[in-house]
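# Summary of structural features
What follows is each chain in one-letter form.
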Amino acid sequence: MKPKNLLLAEDDPMLASLLKFRLEKEGYTVTLMPDGKAVKECLTTTLPDAIISDVMMPYFSGIELVDYLRNELNSKIPIILISTASNEENIINALKMGANDFLAKPISPTELLIRVNREIERQQIS
Amino acid sequence: MLAFLLKQTLKNEVLDLDTRELLMHLSKLENGLDRYSFTELNTNEANRLKKSFESFKNGLEEKVFGMPTPEPVEVSLKNKKVKSKPLEDHSMIAKVSHEIRTPLNGIVGFIDLLKETELSPKQQELIKALDTASGNLTDIINELLEFSKLASGHETFENVPFNLKNLITEVAFLCETLITDSQVELSVHLDKNLPEQLLGDPSKLSQILLNLLGNAVKFVEKGKISLEAVLKSDQQNRVYVEFLVADTGIGIANDKLQRIFESYKQAEDDTQLKYGGSGLGLSIVKELVDRMDGLIAVKSALGAGSTFKVTLPFEKTKKQDIALPKRPGKSVPRSLKHAKILVFEDNVLNQQLMENRLKSWGCKPFITDNGLYGLQLLENHEFDLVLMDLRMPKMNGFQITECIRQNRHDHIRTVPIIALTADFSIADKEYCKRIGITDYILKPYNADELQRTMQELIAEREKQSEREISQINIGQASALINLNLLYEECMGEKDTLTELIQLFKKNMYEFIGNVRMHLTNNDSRGIGFAVHKIKSSLKMLEATTLAQICSKLTEASDAAAYEALEKYYKQFLNEYPKVEEAIDIELNKL
């Protein structure tokens, strides 16, 4: 089976590398993005199998990204947000707008793996 | 515009002299403002100044147009002989003066803040003019308020134990600060037979003495002023004390002496022009003395100076009433220099006294009687200590204390608060603690005691904050960070861990550089973002000390408190190398 492509947008390089490392161990191909704007640009050429994105990013927030993906590109690919727990209102908005899942920081890479796997599986069934 | 408004609406026989006085000062303020070069002024400050004036104006309009008048305005304008109802008048004046005073204090406060900014010599001169004019206006309004409160019977008199000698010392100290000419000399004499403690109203007594001394200072250009307190009679549980305030000033002509205590009368009509003041000072004194069941008399001749004699009864205290809490004599003379002190105090005399005291100790005092304004100051400046008068109009000291203790910012919430009060019920440590007051000083306070308490609290707080940060440092590297969690997440692959650690370090260097840049640009939001970006990494490495500093940085960036940002940034710079060292040590152990 062809490996699934993931886009990972996280501006903390250490956390991003750690997540990439763990996701690759799990068999995914991971492309790192430094901020939301880069993700947006990337999406104009290819769509990944899933997106994992921090909410608070310079230029283009995770929420804006959900909006762009669901309402402009009309894409249903899974998107999982990472956020500080205090951003409750934002999270609710993001979920309403069509985000699939979210994880509160500090995040556990193992938990992220489980959630990414679940979303990819759901995608395959439907 | 203001002046016109006042002229049109406040035309009232009783107020006439004071209205004119008010008008004069207002137009001075107005002129000063007109000439002020706002372009050279920081927009923010200019806005605040403008806002302050707006609310002053609006408050006045509201009071003047919105207040219930005993009779329709038209009638009173046509009919010159409207009978005024003294009681209503007085409470009206009290209300109006109070409403005027609040925004005026704002103006004075902002002028003070303006003075601290960089100003051209021309601007300094104009600010000084504004300062003097608003200061005079404040004095007049306060006298007016004081008098109307007294005359309307709203004023309450306390009956609390106080130290007479301390009170006289304070009064003399304040009087000294009023004397600007070295050719005037003040001497104080206290009767040895006077009891140390008395029961009565110390703040009213101070007011009487300060008014008399203030008058003397005003009318003596060269010569002597003396204050004397004598035990006149000592009965079973009551003493009569005679206070003599004498000066070698211009004196008062015999025919004018008769009306000297009448309200709104000064000896000569031109006295006001030459010496300023509302002419209410002596009326206030007379009113106060009457209400305290005392006697006042004056002896004077033109050119031969004046002597005022006030005799007042006081109750004696039972010795055990005054078990003033003695502090352990920790004489660590730590300087209070540059300590920023916020003072909540509504009594103008006390304000002035406190300001002089604090400045003489090298402190930087900020004084206000406005709870909200003070709380705003706390948000914008980092204060070392708060002095709190518990009894204040609008928001009282308890309410302000509550607001401070509930503040979301650590450095505000934990600021030491010393309550200044004449109320003995505060002398209960448990109660103080419960309401959030760190310590208390009983009024009239002893300056040494205040200084000592302030020094102790400030030193203690400094130690505390150093301790907070360094507490964990004392331990070995393993106490600073913990790599186990991250190592586990790397599935035990050391190469990955090493790579992540490299990224972490790079991230930290970037952070340090970014924050420095944001500080230079006064970009507190940028700092907030930068901190947010490194938070998860710090948590993953369990770098508790750095995480602690970072949450302080977040707080400070939310409040745009630049002094605090600088401070915590420096702490971060101090702390980071230790953490990095610890990381390397721990990494080698794996």
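Below is a short write-up of the structure. Computed from a prediction, not measured in an experiment: that's the story for all the values here.

Conventions used here
Within each chain, residues carry numbers counting from 1 in the order of the written sequence. Labels are handed out in written order, letters beginning with A for the chains and numbers beginning with 1 for the ligands. Owing to the predicted nature of the model, reporting of local features is limited to residues with pLDDT of at least 70; listing and counting of side-chain atom pairs is limited to 80 or more, with chain, interface and lining totals taken over all residues. For side-chain calculations, the full set of non-hydrogen atoms in the structure is used, while hydrogens and water are omitted. Relative accessibility under 20% of the residue-type maximum defines a buried residue, over 50% an exposed one, and the middle range a partly exposed one, all with a 1.4 Å probe and only protein chains included. Note on conventions: DSSP H or I runs of at least 4 residues are helices, E runs of at least 2 residues are strands, and numbering of each starts at the N terminus. Two strands qualify as a pair provided DSSP detects at least 2 bridges between them. Seen with its strands pointing away from the viewer, a crossover is right-handed if its path from the first strand over the helix to the second goes clockwise. Note on contacts: a residue pair is in contact if any heavy atoms of the two residues lie within 4.5 Å. Note on terms: buried area is the combined drop in 1.4 Å-probe accessible area of two parts once they are placed together, counting the loss on both. For this analysis, a salt bridge means a side-chain nitrogen from Lys or Arg found within 4 Å of a carboxyl oxygen belonging to Asp or Glu. For this analysis, a polar contact is any N or O atom pair within 3.5 Å, provided that within protein one partner can donate a hydrogen and the other can accept it, and provided that sequence-adjacent residues contribute only side-chain to side-chain pairs. Fitted lines through C-alpha atoms serve as axes, helices being fitted only where they are in contact, and the angles separating the N-to-C directions of these axes extend from 0 to 180 degrees. The scheme is simple: roughly parallel for angles under 35 degrees, roughly antiparallel for over 145, roughly perpendicular for 65 to 115, oblique for anything else. Each crossing gets its handedness from the near helix: less than a right angle anticlockwise from the far helix is left-handed, clockwise is right-handed. Under this grouping Gly is polar, as are all residues other than the nonpolar Ala, Val, Leu, Ile, Met, Phe, Trp, Tyr, Cys and Pro and the charged Asp, Glu, Lys and Arg. Residues belong to one nonpolar core when they are buried, are Ala, Val, Leu, Ile, Met, Phe, Trp, Tyr or Cys, and are joined through side-chain atoms within 4.5 Å. Neither His nor the chain ends is counted toward charge; the positive residues are Lys and Arg and the negative residues Asp and Glu.

## Some thoughts on the pairing of strand β3 (residues 50-54) of chain A
All names here are of chain A. Of all the five residues making up β3, five are buried; the element is thus mostly covered by neighbouring parts of the structure. Where strand β1 (residues 5-9) meets β3, four bridges bridge the pair, whose relative direction is parallel. Within the sheet, the bridge partner assigned to Ala9 lies in β3 and is Ser53. Of the pairings in the sheet, the one linking β3 to strand β4 (residues 79-84) comprises four bridges and is parallel in character. If you follow Asp54 over to β4, its bridge partner there is Ile82. Note that the unit made of β3, helix α3 (residues 62-72) and β4 has a crossover that is right-handed.

## Comments concerning the interface of chain B and chain A
Listed per partner, the contact involves 19 residues of chain B and 17 residues of chain A. With both chains or domains summed, chain B and chain A bury close to 1,800 Å², and 69% of this area falls on carbon and sulfur atoms. Ranking the residues of chain B by area buried against chain A places Glu489(B), His532(B) and Lys533(B) at the top, with a combined share of 33%. Summed over the shared surface of chain B and chain A, the number is two salt bridges. The salt bridge involving Lys25(A) is made with Glu493(B); its shortest N-O contact spans 2.3 Å. On inspection of chain B and its partner chain A, the count reaches five residue pairs in polar contact (both at pLDDT 80 or more). When residues of the side of chain B that touches chain A are traced back to their parent elements, those giving at least two are α19 (484-489), α20 (494-520) and α21 (524-540) of chain B. It is α21(B) that contributes the most residues to the side of chain B that touches chain A, eight residues altogether.

## Some details on the packing of helix α1 (residues 13-25) of chain A against α20(B)
At their nearest, the axes of α1(A) and α20(B) sit 8 Å apart, and the two run at 160 degrees to each other. Taken together, the axes of α1(A) and α20(B) are roughly antiparallel relative to one another. Here α1(A) and α20(B) pass one another in a crossing that is right-handed. Taken together, the residues of α20(B) that come into contact with α1(A) (itself represented by Pro13(A), Met14(A), Ser17(A), Leu18(A) and Phe21(A)) are Thr496(B), Leu500(B), Leu503(B), Phe504(B) and Asn507(B). Counted by class, the contact of α1(A) with α20(B) contains seven nonpolar, three polar and no charged residues.

## Here's the deal with the sheet that holds strand β9 (residues 364-368) of chain B
All names here are of chain B. Read across the sheet, five strands follow the order β9-β8-β10-β11-β12 without closing on themselves; strand pairing throughout is parallel. Where the open sheet ends on each side, the last strands, each with one partner, are β9 and β12 (439-442). Averaged over all pairs of adjacent strands, the angle between strand axes in this sheet comes to 20 degrees, irrespective of strand direction. The sheet contact formed by strand β8 (residues 340-344) and β9 spans five bridges and is parallel. The residue of β9 that forms the bridge with Leu342 is Phe366. On top of the sheet, helix α14 (residues 397-405) reaches β8, β10 (385-389) and β11 (417-421); it is set at about 155 degrees to β10, its chief contact.

## A look at the nonpolar core
With 69 residues, the main nonpolar core has Phe243(B), Ile341(B), Leu387(B) and Met454(B) as its most contacted residues. Sorting elements by how many residues they give to this core places helix α8 (residues 202-219) of chain B first, with eight residues. Counting residues in each nonpolar core, the second largest holds 60 residues, with Leu6(A), Tyr28(A), Leu519(B) and Ile549(B) among its members.

## Some points on the pairing of strand β5 (residues 101-105) of chain A
Residues and elements named next belong to chain A. Of the two faces of β5, the one lined by Asp101, Leu103 and Lys105 is fully buried and the one lined by Phe102 and Ala104 carries no buried residue. As paired strands, β4 and β5 are joined by five bridges and run parallel to one another. Note on β5: the bridge partner recorded for Ile82 is Leu103.

## Quick notes on the side chain of Arg70(A)
Residues and elements named next belong to chain A. In this structure, Arg70 sits in helix α3. Lacking a salt bridge, the buried Arg70 has Glu119 as its closest oppositely charged neighbour, with an N-O distance of 7.4 Å. A distance of 2.8 Å separates a polar side-chain atom of Arg70 from the backbone oxygen of Gly98. In terms of polar contacts, Arg70 uses its side chain to reach the side chain of Asn100, at 2.8 Å. Among residues more than four places away in sequence, those in contact with Arg70 are Ser75, Lys76, Ile77, Pro78, Ile79, Met97, Gly98 and Asn100.

## Brief notes about the pattern of salt bridges
Under the criterion given, the structure shown has 21 salt bridges over all chains. Between Asp101(A) and Arg115(A) there is a salt bridge, and its shortest N-O distance comes to 3.0 Å. Of this pair, Asp101(A) sits in strand β5 while Arg115(A) is found in helix α5 (residues 109-125), placing the two residues 14 residues apart along the sequence. For Arg115(A), a relative accessible area of 22% translates into the label partly exposed. Put simply, Lys286(B) and Asp290(B) hold a salt bridge, and the shortest N to O gap is 3.0 Å.

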